[in-house]
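Structure assessment
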Amino acid sequence: MKNLKSIALALVAFATISMTAQTKKIDAEVVLIRDGSIPIRMNVDDVKESIAFGILLCIIVVFFFLGSARSTFITGLALPNSLLGGFIIMYAMGFTINIMTLIALSLAVGLLIDDAIVVRENIFRHLEMGKDPITAALEGTKEVTLAVIATTLVVIAVFGPIAFVPGIVGQFFKQFGLTVVFTMIISLFDAFTVAPMMSAYLATKHEHVKGNGPIGRLLAAFDRFQTHLEDAYEATLKWTVSHRKSVLFAAVVVFIGSMILAAFVPKTFLPANDIGEFSVTVEMPVGTSLEGTHIFSKEVEKILKQIKEIELVSMTVGSAQYEANKSTFFVKLVPRKQRDKTTTQTKVVTREALAELSKKAVIAVTDIDISGAGQKPLNLFLVGDNLDELSAYTLKLAERIKAIPGLIDVDTNFRAGKPEYRVVFDRQKSEALGISTTLAGTELRYRNEGATPAVYRQNGIEYKVRVKFPDESKDLRNEFSTTLIPNQNYNMVPLNRVAQAVEAKGYSQINRQNKGRYIAVSANLGPKGQLGGASAEIEKILNTEMKPPLGINYKFEGQAQDFKDLMTNMSIAMGLGVLFIYLVLSSLYESFITPFAILLALPLAISGAFSGLFITGKTIDIFSIIGLILLMGVAAKNSILLVDYTNHKLKEGLSMNEALISACRTRLRPILMTSLALIAGTLPIAIGLTELGTQRQSMGIAIIGGVISSTLLTLIVVPAAYGYVENFRLWCRRVLTKMRGEDALTVETTPN
């Protein structure tokens, strides 16, 4: 497993370095600056805790609703069976235990037990009717077979498409989506085999009888609460079926209101984490010596060490590209329990502390991304061939972008003003004296850098022989008048006869991508910054206020582009999910109309998710979108339970209203059980148990908000809409029957 290999490699490397220093008696202390395996361990530990607490809470929910330890044990077996079965299929597919597969398993905890809950609850209901365990197991399982198959296939239809999303985003979701699919297949198999078998031979006829102890009295009280809740729900249903239009109108208002709220929810690719580390980059003016950068960086280091939340500061002067005017600081904070401020809040304090020094240099406080680098989340590339025009436009645009709220550390990678000493040749004089500028340029380069004209070999080893001028003779400014260059006949000609020296300032670097020159505008996000809103605002500026000149194009890179890809790909995946749900339901119920009654729950779930994110101040990001996808399957599951049993009651000869009231009251308990089990399983994610757990809080909040809204509204809206959908189905059947010329009296009818 790659994650475990990374952890082991980090531990072995640190131990090896320490032992080497001791063995060679080096008087030095080995200090671990940054351990890249720490985020891996923290992520794995956080998800493991979420899974463990989720399973425990799910079991508690089931125990209270069924009021029986045996029934809880039978139902709870679905969790280990499904998880272990999922691991076997993951191993066969070559998957690894990584962050995304663990998140999939943590979310699946609330889903895996659903099938077993529906089957076991219905068997339990038949036991309460006085049937023996074997008869209750057979008849109870048979009664919900279609509903359980439909609910499982709906979840598979939702998570299947996201496993095939292209691009970088797709790499996140491939194993995630398929892991959920694998575990759901195992849970369906468990619900139709293990749960009925154990219900038949392990359960007893008096399973529902409560004891007289403290737990028994508590369960009896909860049972009375369920009865009162069912009575209240039945009264609400009677009002609902007589005020259908009012209920549907209210549902539309709620949905529209939540969509308005969604516009005010911040949008970003990855929410801020609280891992306790970040970087500070310093860039001095072009031409600053290494010593000058070091002196200034020591001032920065002194200020950083005065911030109480900072535990360690590591300074590196210079860059990998041999730029003497740059330095980088790795900053590590004290453990989360020992500080009051989050990593984001500490970065704000750091920027304020370095504000005075920012007047002398470009200073940026940046998160450390997954690769260990410090790339800013917002990156805009402006591409063009004319570098002068490109740089002028980019600098103006950067000043405008600085005015966008939420963006900080706005900068470009364009740096002018690098001092140059240029030799400008006179072409006519050069040609007259037979001097090639190429040969002259080579001679000048050799004068500064030297040359390697020969190789010395000894004992099979080659040594390059470098010939160069003394250091005091390398300064072309002082030696310009005495410098000689060869012509085509290799006669030496004074350089000042064919060229003149010019003091100038040039570009410090020229960046190219796809054969075009580009300048990047980058920015960090402030505490209230949102990547989606900032990207949209920049595009608006580029399309209206500051249109790029002819020949200059733009494109987003990094997280900004990843966020756009995420929204596009997830919209396609969710659309395909809805389509597949419709096709699955149409095939199971043999109707193209009935699935619409079930799909009504989808917008109701999204309403709760957006409302939850708005109330808690969380963002629409990669994790909350995972939650939205999950909600599509969950909301449809509740509707299926209602519609399926209503159809069953209609076939028994009940009228429309009687069938709805009876079916909804009967299915209230399994719907509440599955919904509360999912909420319980997701609660640890929403709370954020560890430092990295806070990054995934938006997913838990979106799921819990959506489950609450879809459960409450589905129990009211679906019964209100079902009569209209069913009547429309029958009308379509009558029309098609007349078109085929069949006897209209044979057409199915539904009692009123």
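No experiment lies behind these values; they were computed from the predicted model shown. Counting restarts for each chain, with residues numbered from 1 along the sequence as it is written. Totals for whole chains, interfaces and linings use every residue, but because this is a predicted model, local features are given only for residues with pLDDT of at least 70 and side-chain atom pairs only at 80 or more, for both listing and counting. To obtain the side-chain values, all non-hydrogen atoms of the structure were used and water was disregarded.

Helix and strand definitions here come from DSSP, where helices need a minimum of 4 consecutive H or I residues and strands a minimum of 2 consecutive E residues; each element is numbered from the N-terminal end. Of regular secondary structure, the protein chain possesses 24 helices and 15 strands. The buried label applies to any residue whose accessible area, calculated with a 1.4 Å probe on protein chains only, is under 20% of its type's maximum; exposed applies above 50%, and partly exposed to all values in between. For the protein chain, buried positions account for 49% of its 752 residues. In the protein chain, of all internal contacts separated by at least 6 residues, the share reaching a separation of at least 24 is 79%. Looking at the protein chain as shown, the accessible area adds up to about 36700 Å², and 60% of this sits on carbon and sulfur atoms. Throughout, a contact is declared for two residues whenever any of their heavy atoms are within 4.5 Å. Areas reported as accessible are Shrake-Rupley estimates using a 1.4 Å probe. Residue values count occlusion only from the protein chains shown.

Moving on to the environment of A523. Relative to the helices and strands, A523 is located in strand 14 (residues 516–525). Residues A523 and I401, spaced 122 residues apart in sequence, show a C-alpha to C-alpha distance of 9.0 Å. Sequence-distant contacts of A523, that is, excluding residues within four places in its chain, are made with K376, P377, L378, L407, I408, D409 and V410.

So, on to the side chain of N487. Inspection of the secondary structure puts N487 in the loop between strand 10 (484–486) and strand 11 (492–494). Whenever a nitrogen or oxygen atom comes within 3.5 Å of another N or O atom, the pair is scored as a polar contact, on the condition that within protein one atom can donate a hydrogen and the other can accept it, and that pairs from neighbouring residues in sequence are kept only if both atoms are in side chains. At a separation of 2.8 Å, a polar atom in the side chain of N487 contacts the main-chain amide nitrogen of N491. With sequence-adjacent residues up to four places away left out, N487 is seen in contact with L433, G434, I435, L439 and V493.

It is the contact of helix 5 (residues 99–128) with helix 8 (residues 194–201), at a shortest axis distance of 9 Å, that shows an interaxial angle of 25 degrees. As summarised for this structure, helix 5 and helix 8 are arranged roughly parallel, according to the angle between their axes. In the crossing of helix 5 with helix 8, the sense of the turn from one axis to the other is right-handed. In this structure, helix 5 contributes V119, R120 and I123 to the contact, and helix 8 contributes A195, P196 and S199. For the contact of helix 5 with helix 8, the residue count by class is four nonpolar, one polar and one charged. Note on geometry: axes are C-alpha line fits, over the in-contact stretch for helices, and angles between N-to-C directions span 0 to 180 degrees. Just so you know how the angles are binned, under 35 degrees is roughly parallel, over 145 roughly antiparallel, 65 to 115 roughly perpendicular, and the rest oblique. Rotating anticlockwise by less than a right angle from the far helix to the near helix defines a left-handed crossing, while the corresponding clockwise rotation defines a right-handed one. Each residue receives one of three labels: charged for Asp, Glu, Lys and Arg, nonpolar for Ala, Val, Leu, Ile, Met, Phe, Trp, Tyr, Cys and Pro, and polar for the others, Gly being one of them.

The subject of this paragraph is the environment of T293. Residue position: T293 is located in helix 11 (residues 290–305). Residue classification places T293 among the buried positions, given a relative accessible area of 0%. Here the alpha-carbon distance between T293 and A324, two residues 31 residues apart in the chain, equals 7.0 Å. If near-sequence neighbours (up to four positions away) are discounted, T293 is found in contact with M284, T288, V317, A324, N325, K326 and S327.

Attention now goes to helix 4 (residues 78–93). The span expected for a helix works out to 1.5 Å for each residue beyond the first. Its 16 residues give helix 4 an end-to-end C-alpha distance of 22 Å, which sits within 8% of 22 Å, the value for a rise of 1.5 Å per residue. Among the residues of helix 4, A78, L79, S82, L83, G85, G86 and M90 are the ones counted as buried. Looking straight down helix 4, one finds that the buried residues subtend no more than 165 degrees of arc, so they occupy a single side. Opposite the buried face of helix 4, by more than 90 degrees, sit the exposed residues L84, I88, Y91 and A92. Downstream of helix 4 by a residue or two, G94 has a phi angle that is positive, lying close to 80 degrees. In this description, one arc is meant: the one made by directions from the helix axis to the C-beta atoms.

Attention now moves to the pattern of salt bridges. Any Lys or Arg side-chain nitrogen located within 4 Å of an Asp or Glu carboxyl oxygen qualifies as a salt bridge. Going through the model one piece at a time under the given rule, you end up with 14 salt bridges. Note that K131 is salt-bridged to E139, the shortest N-O span being 2.4 Å. Residue K131 is classed as partly exposed on the basis of its relative accessible area, which comes to 21%. Between K555 and E557 there is a salt bridge; the shortest N-O distance is 3.6 Å.

Quick look at a nonpolar patch on the surface now. Surface patches are defined over residues having more than 30% relative accessible area and no salt bridge, joining like charges when they lie within 9 Å and nonpolar side chains (Val, Leu, Ile, Met, Phe, Trp, Tyr) when within 5 Å. Judged by side-chain polarity, V252, I256, I260, F264, F614 and I615 come together as a nonpolar surface patch covering roughly 630 Å² of accessible area. Contributing elements (two or more residues each) for the nonpolar patch: helix 10 (244–262) and helix 21 (601–616).

Pairing of strand 8 (residues 451–458) with strand 9 (residues 461–467), which is carried by six bridges, proceeds in the antiparallel orientation. If you follow A451 over to strand 9, its bridge partner there is V467. The loop that links strand 8 with its antiparallel partner strand 9 comprises two residues; one of these, N459, has a positive phi angle of about 55 degrees. Two strands form a pair only when DSSP identifies at least two bridges running between them.

Not every positive phi belongs to a glycine, and N459 is a case in point at roughly 55 degrees. Its location among the elements puts N459 in the loop between strand 8 and strand 9. For N459, a relative accessible area of 75% puts it in the exposed group. Even without a glycine there, the phi angle at Y490 is positive, about 60 degrees.

Turning our attention to the confidence of the model for the protein chain. A residue's pLDDT is the confidence the predictor assigns to it, expressed on a 0 to 100 scale. Taken over all residues, the pLDDT of the protein chain has a mean of 79, while the share at 70 or more is 90%. Mean pLDDT per element in the protein chain: helix 1 (residues 2–23) is the minimum at 58, and helix 11 is the maximum at 88.

Below, the discussion takes up the packing of aromatic side chains. The geometry of an aromatic ring pair is captured by two quantities: the separation of the ring centres and the angle between the planes. Classification of ring pairs uses Phe, Tyr and Trp, with its six-membered ring standing for Trp, and accepts pairs whose centres are within 6.5 Å; under 30 degrees between planes counts as stacked, over 60 as edge-to-face, and the remaining range as tilted. Tallied over the full model, the rule gives nine aromatic pairs. With a centroid separation of 6.0 Å and an interplanar angle of 20 degrees, the aromatic rings of F728 and W731 are classed as stacked. One end of the pair is F728 and the other is W731, both in helix 24 (residues 697–740) and three residues apart, which spans about a single turn. For F728, a relative accessible area of 41% corresponds to the partly exposed category. Taken together through their ring pairs, the aromatic side chains of Y582, F592 and F596 make up a single cluster.

Ordered by their spatial adjacency, four strands build an open sheet running 2-3-1-4, and the pairing between neighbours is antiparallel. Only two strands of the sheet have a single neighbouring strand rather than two, namely strand 2 (310–317) and strand 4 (362–367). If you compare each strand with its neighbour and ignore which way they point, the axes differ by 20 degrees on average. Judged from the six bridges that link them, strand 1 (residues 277–283) and strand 4 form a sheet pairing that is antiparallel. Opposite T281, over in strand 4, you have A364 as the bridge partner. In this fold helix 11 packs onto strand 1, strand 2, strand 3 (326–333) and strand 4, with an angle of close to 175 degrees to the strand it touches most, strand 2. Each of strand 1, strand 2, strand 3 and strand 4 is contacted by helix 12 (residues 343–353), which is oriented at about 25 degrees to strand 1, the strand it contacts most.

Most of strand 6 (residues 407–412) is tucked away: five of the six residues are buried. Both strand 6 and strand 14 contribute to a ladder of four bridges, which runs antiparallel. Across the sheet, residue D411 finds its bridge partner in strand 14, namely S522.

Further remarks concern the packing of helix 19 (residues 559–589) against helix 22 (residues 622–651). Across the interface, helix 19 lies against helix 22 with an axial gap of 11 Å and an inter-helix angle of 15 degrees. Classified by the angle their axes make, helix 19 and helix 22 are roughly parallel. Helix-helix and strand crossings are classified by hand; for helix 19 and helix 22 the assignment is right-handed. Note on element contacts: helix 22 touches helix 19 through I622, I625, L628, I629, M632, I640, D644 and N647, opposite L566, M567, M570, M574, G577, V578, I581, L585 and Y589. For the contact of helix 19 with helix 22, the class distribution of residues is 14 nonpolar, two polar and one charged.

Our focus in this paragraph is the nonpolar core. Within the largest apolar cluster, 153 residues are counted, with the highest numbers of intra-cluster contacts made by L107, F159, F176, L397, I401 and L407. Apart from the residues lying within four places of it in its own chain, the contact partners of L397 are L380, L382, I541, L542 and M546. Buried residues of nine kinds, namely Ala, Val, Leu, Ile, Met, Phe, Trp, Tyr and Cys, make up a nonpolar core once their side-chain atoms join them within 4.5 Å. Grouped together as the second largest cluster of nonpolar side chains are 18 residues, M284, L304, I310 and L333 included.

Here we come to helix 22. In an α-helix, one full turn covers 3.6 residues, which means residues spaced three or four apart are oriented alike. The terminal C-alpha atoms of helix 22, which comprises 30 residues, lie 44 Å apart, in line with the 44 Å expected from a rise of 1.5 Å per residue. For helix 22, a buried count of 28 out of 30 residues is recorded, marking the element as mostly surrounded by other parts of the structure. Of the residues that open helix 22, the one with a side-chain oxygen 2.9 Å from the backbone nitrogen of F623 is D621. G653 occupies a position one or two residues after helix 22 and carries a positive phi of about 100 degrees.

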